[in-house]
Amino acid sequence: MKKNNFLHKHQKTLAPLLSLVLIILVTASITPGFLSIKIVDGHLFGSLLDILHRATPTALVALGMAVVIGTRGIDLSVGAVIAISGAVTAVLTVNTDFPVWLVILCALGTGVVCGLWNGILVSIFNIQPIVATLILMVAGRGIAQMITEGQIVTFHSDVLDAIGNGYFLAFPIRVWIAIGMIVLTVLVMRKTALGLFIEAVGANVRASRLVGIEARLLVLSAYVFSGFCAAMSGIILAADIRGADANNAGLWLELDAILAVVLAGASLAGGRIYLLLTIVGVLIIQTLTTAILTSGLPAQYNLVVKATIILAVLLIQSPKTRQWLSGFFSKNKNAGKSSTGKASTDKRSAKP
Amino acid sequence: MSHLVKENVQVKETLIVEERGKEAQSAVRPLLEIKNLSKSFTGVQALNDVSLQIQQGEIRALLGENGAGKSTLIKVLTGVYPRDGGEILLDGSLINASDSGHAQRLGISTVYQEVNLIPTMSVMENLTLQHQEKTFGLISWKKAEIRARELLAQVGLEIDPLRQLDTYSIAIQQLVAIARALSTQAKMLILDEPTASLDSDEIKQLFDLMERLKSEGLGIIFVTHFLDQVYSITDSITVLRNGECIGTFKTAELTRSDLVSHMVGKSLEDLAPTAHDHSIKRERTELLQLNNVGKQRYLQPLNLSIAAGEIVGVAGLLGSGRTELCELAYGSVKPDQGDVTLGKHSLAKSSLRRAIQVGMGYCPEDRKQDGIVAELSVRENMILALQASKGWWSPISMAEQQKLVEEMIKRLAIKTPDMDKPIGELSGGNQQKVILARWLITHPKLLILDEPTRGIDIGAHHEIIQIIKELCEQGMGLLVASSELEELVMFAHRVVVMKDHHKISELDGDEVSEQAILRTIAS
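Since this is a predicted model, take the numbers as computed values, not measurements.

Describing the overall build of chain A
On a plain count of helices and strands, chain A comes out with 15 helices and six strands. With the principal axes as the frame, chain A shows a C-alpha extent of 90 × 60 × 35 Å.

Notes on the sheet that holds strand S22 (residues 502-508) of chain B
Residues and elements named next belong to chain B. Spatially, the six strands line up as an open sheet ordered S18-S19-S20-S15-S21-S22, and their pairing is mixed. Pairing within the sheet leaves two strands with one partner each, and these edge strands are strand S18 (360-363) and S22. Here the average twist between neighbouring strands, direction ignored, is 15°. Inspection of the sheet shows strand S21 (residues 494-499) paired to S22 by six bridges, in the antiparallel sense. Each bridged residue has a counterpart across the sheet, and for valine 496 the counterpart in S22 is glutamate 506. The sheet strands contacting helix H10 (residues 322-330) are strand S15 (311-315), S18, strand S19 (446-450), strand S20 (477-481) and S21, and the helix crosses S20 at an angle near 150°.

As for the interface of chain A and chain B
At the junction of the two partners, chain A supplies 21 residues and chain B supplies 23 residues. By residue number, the principal contributor to the side of chain A that touches chain B is helix H9 (residues 194-203) of chain A, which donates six residues. In the side of chain A that touches chain B, the residues fall into ten nonpolar, five polar and six charged.

Regarding the domain arrangement of chain B
Size of an interface, as often reported, equals the accessible area lost when the parts are brought together. All names here are of chain B. Domain annotation for chain B reports domain 1 (2-107 + 185-194 + 223-270) and domain 2 (286-373 + 444-522). Taken together, the contacts link 13 residues of domain 1 with twelve residues of domain 2. Looking at the side of domain 1 that touches domain 2, its residues break down into five nonpolar, four polar and four charged.

Considering helix H6 (residues 129-148) of chain A
Residue and element names in this part refer to chain A. In this model, H6 (20 residues) spans 28 Å end to end at C-alpha, consistent with the 28 Å of a helix rising 1.5 Å per residue. The largest bend in H6 amounts to roughly 30° and is located at alanine 139. Every buried residue of H6 is accounted for by Pro129, Ala132, Thr133, Leu136, Gly140, Arg141, Ala144, Ile147 and Thr148. Where H6 is buried, its residues meet helix H4 (78-95), helix H5 (100-124), strand S3 (153-154) and strand S6 (243-244). Downstream of H6 by a residue or two, glutamate 149 has a phi angle that is positive, lying close to 55°.

Side note on the environment of Gly296(A)
Residues and elements named next belong to chain A. Relative to the elements of secondary structure, glycine 296 occurs in the loop between helix H13 (275-294) and helix H14 (302-317). Classification of glycine 296 by C-beta neighbours within 10 Å gives exposed; the count is 8. Sequence separation of glycine 296 and phenylalanine 34 is 262 residues, and the distance between their C-alpha atoms is 13 Å.

Brief notes about the confidence of the model for chain A
All names here are of chain A. A residue-level look at chain A finds 91% of positions with pLDDT of 70 or above and a mean pLDDT of 86. Per-residue pLDDT, averaged within each element of chain A, yields its smallest value for helix H15 (residues 319-350) (55) and its largest for H5 (96). The low-confidence segment residues 335-352 (pLDDT under 50) makes zero contacts with residues lying over four places distant or belonging to another chain.

Cut-offs applied
- Residues numbered from 1 in each chain as written.
- Chains lettered and ligands numbered in written order.
- Predicted model: local features only at pLDDT ≥ 70, side-chain atom pairs only at ≥ 80, totals over all residues.
- Helix = DSSP H or I, 4+ residues; strand = E, 2+ residues; numbered from the N terminus.
- Pairing = 2+ DSSP bridges.
- Axes fitted to C-alpha atoms, helices over the stretch in contact; angles between N-to-C directions.
- Contact = placed C-beta atoms within 7 Å.
- Nonpolar A, V, L, I, M, F, W, Y, C, P; charged D, E, K, R; others polar.
- Domains from an automatic or database assignment.
- Expected span 1.5 Å × (residues − 1).
- Bend = angle between axes of the 7 residues up to and from the residue.
- Buried ≥ 20, exposed ≤ 12 C-beta atoms within 10 Å, placed from the backbone.
- pLDDT = per-residue confidence, 0-100.

This is the structure we're talking about:
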């Protein structure tokens, strides 16, 4: 009984986690060696590590996206912001003798400015988030192309190399960066009242106003945070390929990020957000991508298979399916109960 | 006692019905005849055996308090809701509208309170939306413009039909809506609170139009909350209460006090003043002061002061300005004149957060829209106001939160399995208690409650009134708006009576009684 309560209470949390475990297990059974992890030169290697490595840019973007979605918004421009910050990183590294920390700071700064732009459009001018961020989604890649002057700018920097592909304590450095960012965000959201306010504003802006929560600044800062996260992701992606590709860096990443937030159980209508589950969502998406690639399935099946599995996960999570499933199970349980009930009364009568 | 009241009213009714019956026989065939109309929604009888007749060239007021069945009647009449029983005859022939468009083609047009037009389209497009002028099967904009000008002339408007609708004032939009309603040879026109957002000149313009339509033989049903308007424009009045037709009266023959008692279901003579103590037994320390506070098209300027340990009730019919007074006092709507002070703090221009910090609290009328954050837990909902006044950077620790919330759950007897349950899953009464608790933990000096007992069950109703009394004894000042007079009379030391967005009177101490309030509203 107690266990059932636990299951019931954490149903929402368990669904994405179980989906992830299931996907990993199924892949492992198809692809031999999927779960194996080797240690080479004190670094960990293996498919699972590869998934973590590749998931970091999406994870960072999804973190910002979750906060924005919590305010009942959406940020379509993150892919473009990735391109811009990557371009800034590359061009500043190549064309100036700025120290690396300043280059990174400038790239993060551009992300903040982009977020500020989105935030001002949404919270001050009351433009619908999807429209407001669409502007930068389109214009952003143009800006990135202008910065790189239409070229793929390649660069060389030891520090950036380390960020892109280096290792620290057996794990990729970029994974550490993502973990740091996740922990920091969770702390700020849950150990201050910021998370509560963002969820309150997202779920009921009128009630929030009446208790004295100023929505405007909150919404603005959510977009700034999203811009910052996207810029971080942009730096990592540029560092990874040692160059800035204004056309393709972070392309369609906004959609993966939105999907991850939704997989975590958040609603696009605002309100409750689940930061850690969002990361689980990112891992689900990345595991799928990697699994399909390593399974030897022809590459052209990749997108359709991925979409199908994600649809399945979403269906499992939908309240309607859950209702239907629990109805199905309780029917079975009742059928089982009558027999066990009999058994227990038998026992009781036998006792004295 | 209520039994007596009902009998009394019933006697009157039968008399009147008989009278009208005689009249009807002698008069010509009625334009609209509703016979024994009934409609129920899952267990609630929204309309019960309602019958009424309207003649050509008659302006009929349809009156009743919230939930009386006015809007249900209109919706059944225009086919928005299917009816459970009864007949509707227009011009002597049975009609059975399937939707409002069909009703309009049959001759019954409705203009709703919220203008039912498309603000981003031109006036012409709005007017010809339902019925386009065509040449060879294609829309002819030339003809449409001519038609639009005709329709506008009909309501006496000289505006450019090609301009976008929302560039005009609400009053003009309202008239455009009427013009459209008249575009289909309407015989009956239903105006559902058309004057709610109009100023006095605009109302006069509307009334002139109504008079003209009346002289052209149209029947008009006019729904409003403004009694003055009822007496200045209508010929007759039908009163609904709890889904029943209380009676139809000639406007000229019905006194205001009779009208009000029909509406609220209590007659003045029957209300013996209840004996209770309205005096405050301590010296007054003024808390809230409203000094000539008002806002155009919202609330006429008024003065009000509330002392510590005092409960001031706000009475008035629906739409009289009760909620508006609460909103201005709290500051969620900013007044455009006058000053609000709480203790030494002037609040007319400060933020809500500041108002809360100096000791204001407000439980709004619409709990679902403005009160609860349904997805969040009981605990989160409860600490929201306190946390907001502290700011996000100084969080209340979880231990502290749990302590506060547990205390409140105990003190207000809130029924919830645990404090982390989403508040949306609680019953209305328990939600209301959580919202009350939300403010109590901020230790407000002044608490404003708008309809604190609406939509909650009887047990919780009683408990909330007890809580209100206790808070007052502890020295809190309270401003309580309510449509339930018995309730107000039970705890208020003073009662402000609102009417047509004015404060018309303030009853103090022993003057406070249901009878006195009703008489004031009717005066």
